[in-house]
Amino acid sequence: FRTIIQPSIDVFTKIHKLYPKVQSKFWQIDQLRHLIEPRVTYTFVPEPNRVPSQLLQFDGLDTLDKQNFFRLSYRNKLQTRRRGQTVDILDVEIFSNFHPSSNTPALDRFNNPHRFSDIFTDSRYRIFDWLAIDMRSSYDAYNSDLTSLLADVALINGDQWNISLRQRQLVGQN
């Protein structure tokens, strides 16, 4: 049996501005609120009682080892009111991990050690109640490559049904 402890500290703030006069029946917008959320998270994972080389590798959890990093992230949201509920019509987060110690660096896809990890994005668009668009990507700034892209588009009819299309692209794979 293996024990891993992962303590972390989060520091963030939320800055927002309300646009009460923005109205559109077509776009289903009743006021807009813009939120900006910068965040820094420090994570320290001490060496587990069993290191990855002592385990059979079944999934990503089995590869976890000692870590020490800061996650620098920036979230941007655009919200409105629909039927009395707050709805995120746009939610985009961009983040990267900074590894201050050369003992626990980020590795790129070529296993080269770096202080910064890839730059990741996670975005959700709910422009209409019946349309959902989700996208995730990672970009290797050291090698100037888009390393992954995942895009989902869904047509939604409440709780009745939904149809979704997904495209996943990984570097070196179709």
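Residues numbered from 1 in each chain as written. Predicted model: local features only at pLDDT ≥ 70, side-chain atom pairs only at ≥ 80, totals over all residues. Heavy atoms only, no water.

## Section: the overall build of the protein
Consideration 1: Along the backbone of the protein there are 0 helices and 11 strands.
Consideration 2: Along the protein, helices (α) and strands (β) appear in the sequence β-β-β-β-β-β-β-β-β-β-β when read from the amino end.
Consideration 3: Its C-alpha radius of gyration of 20 Å places the protein more than 25% over the 16 Å reference for a compact globule of 174 residues.
Consideration 4: Principal axes of the C-alpha set define a box for the protein whose edges measure 60 × 40 × 35 Å.
Consideration 5: Expressed as a percentage of its 174 residues, the buried residues of the protein come to 26%.
Consideration 6: Taking all contacts inside the protein whose residues are at least 6 apart in sequence as the whole, residues at least 24 apart take part in 48%.
Consideration 7: Carbon and sulfur atoms make up 57% of the accessible area of the protein, which amounts to about 12000 Å² in all.
Consideration 8: The average position of the 22 basic charges and that of the 19 acidic charges among the side chains of the protein differ by 7 Å. (Helix = DSSP H or I, 4+ residues; strand = E, 2+ residues; numbered from the N terminus. Rg over C-alpha atoms; globule rule 2.2 N^0.38 Å. Buried < 20%, exposed > 50% of the residue type's maximum accessible area, 1.4 Å probe, protein only. Contact = heavy atoms within 4.5 Å. Areas by Shrake-Rupley, 256 points an atom, 1.4 Å probe, with all protein chains shown as cover. Lys, Arg positive; Asp, Glu negative; His and termini not counted. Charge placed at Lys NZ, Arg CZ, Asp CG, Glu CD.)

## Observations concerning a nonpolar patch on the surface
Consideration 1: Taken together, Ile 9, Val 11, Val 40, Leu 72, Phe 116 and Tyr 142 make up a surface patch of nonpolar side chains, about 530 Å² in accessible area.
Consideration 2: Among the secondary structure elements, Phe 116 is positioned in the loop between β7 (113–114) and β8 (119–128).
Consideration 3: When its relative accessible area of 35% is taken as the criterion, Phe 116 is described as partly exposed. (Patch = residues over 30% accessible without salt bridge, like charges linked within 9 Å, V, L, I, M, F, W, Y side chains within 5 Å. Salt bridge = Lys/Arg side-chain N within 4 Å of Asp/Glu carboxyl O.)

## Regarding the pattern of salt bridges
Consideration 1: Counted according to the given criterion, the structure contains 13 salt bridges.
Consideration 2: Arg 75 is the salt-bridge partner of Glu 93, the closest N and O atoms lying 3.7 Å from each other. With Glu 93 in strand β5 (residues 85–98) and Arg 75 in strand β4 (residues 67–82), the pair connects residues that are 18 residues apart, well separated along the chain.
Consideration 3: Here the salt bridges do not stand alone but share partners, grouping Arg 75, Asp 91, Glu 93, Asp 122, Arg 124 and Arg 136 into one network.

## Considerations on the pairing of strand β10 (residues 145–157)
Consideration 1: With 10 bridges connecting them, strand β9 (residues 131–140) and β10 associate as antiparallel partners. Residue pairing in the sheet places Ser 137 in a bridge with Leu 149 of β10.
Consideration 2: The hairpin turn running from β9 into β10, its antiparallel successor, is 4 residues long, and Ser 144 in that turn takes a positive phi close to 50°.
Consideration 3: Counting the residues in the hairpin turn of β10 and strand β11 (residues 161–170) gives 3 residues, including Gly 158, whose phi is positive at 55°. (Pairing = 2+ DSSP bridges.)

## A few points about the packing of aromatic side chains
To describe a pair of aromatic rings, you give the distance between the ring centres and the angle between the ring planes.
Consideration 1: Summed over the entire model, instances satisfying the criterion amount to 7 aromatic pairs.
Consideration 2: Between Phe 128 and Trp 130, the aromatic rings sit 5.1 Å apart at their centres with planes inclined by 10°, giving stacked as the arrangement.
Consideration 3: Given the relative accessible area of 11%, Phe 128 is considered buried.
Consideration 4: You can call Trp 130 partly exposed: its relative accessible area is 43%.
Consideration 5: Taken together, the aromatic side chains of Phe 26, Trp 27, Phe 128 and Trp 130 make up a single cluster linked through ring pairs.
Consideration 6: When the ring centre of Phe 12 is taken as origin, the NZ or CZ atom of Arg 39, which lies over that ring, is 4.0 Å away. (Phe/Tyr/Trp six-rings, centres within 6.5 Å; stacked < 30°, edge-to-face > 60°. Lys NZ or Arg CZ within 6 Å of the ring centre and 35° of its normal.)

## Describing unusual backbone geometry
Consideration 1: Here the phi dihedral of Gln 31 falls at roughly 75°; this positive angle occurs in a residue that is not glycine.
Consideration 2: Mapped onto the elements of the fold, Gln 31 is located in strand β3 (residues 29–45).
Consideration 3: You can call Gln 31 partly exposed: its relative accessible area is 28%.
Consideration 4: In this model, Ser 144 sits at a positive phi of 50°, which is unusual for a non-glycine residue.
Consideration 5: Mapped onto the elements, Ser 144 comes out in the loop between β9 and β10.

## What about the pairing of β5?
Consideration 1: Two strands pair when backbone bridges link them, and β4 and β5 are joined in this way by 13 bridges, in the antiparallel orientation. What sits directly across from Gln 79, in β5, is Asp 88.
Consideration 2: The turn joining β4 and β5, which pair antiparallel and follow one another in sequence, is formed by 2 residues; a positive phi near 50° is taken by Arg 83.
Consideration 3: Pairing geometry for β5 and β8, over 6 bridges, is antiparallel. The residue of β8 that forms the bridge with Ile 94 is Thr 121.

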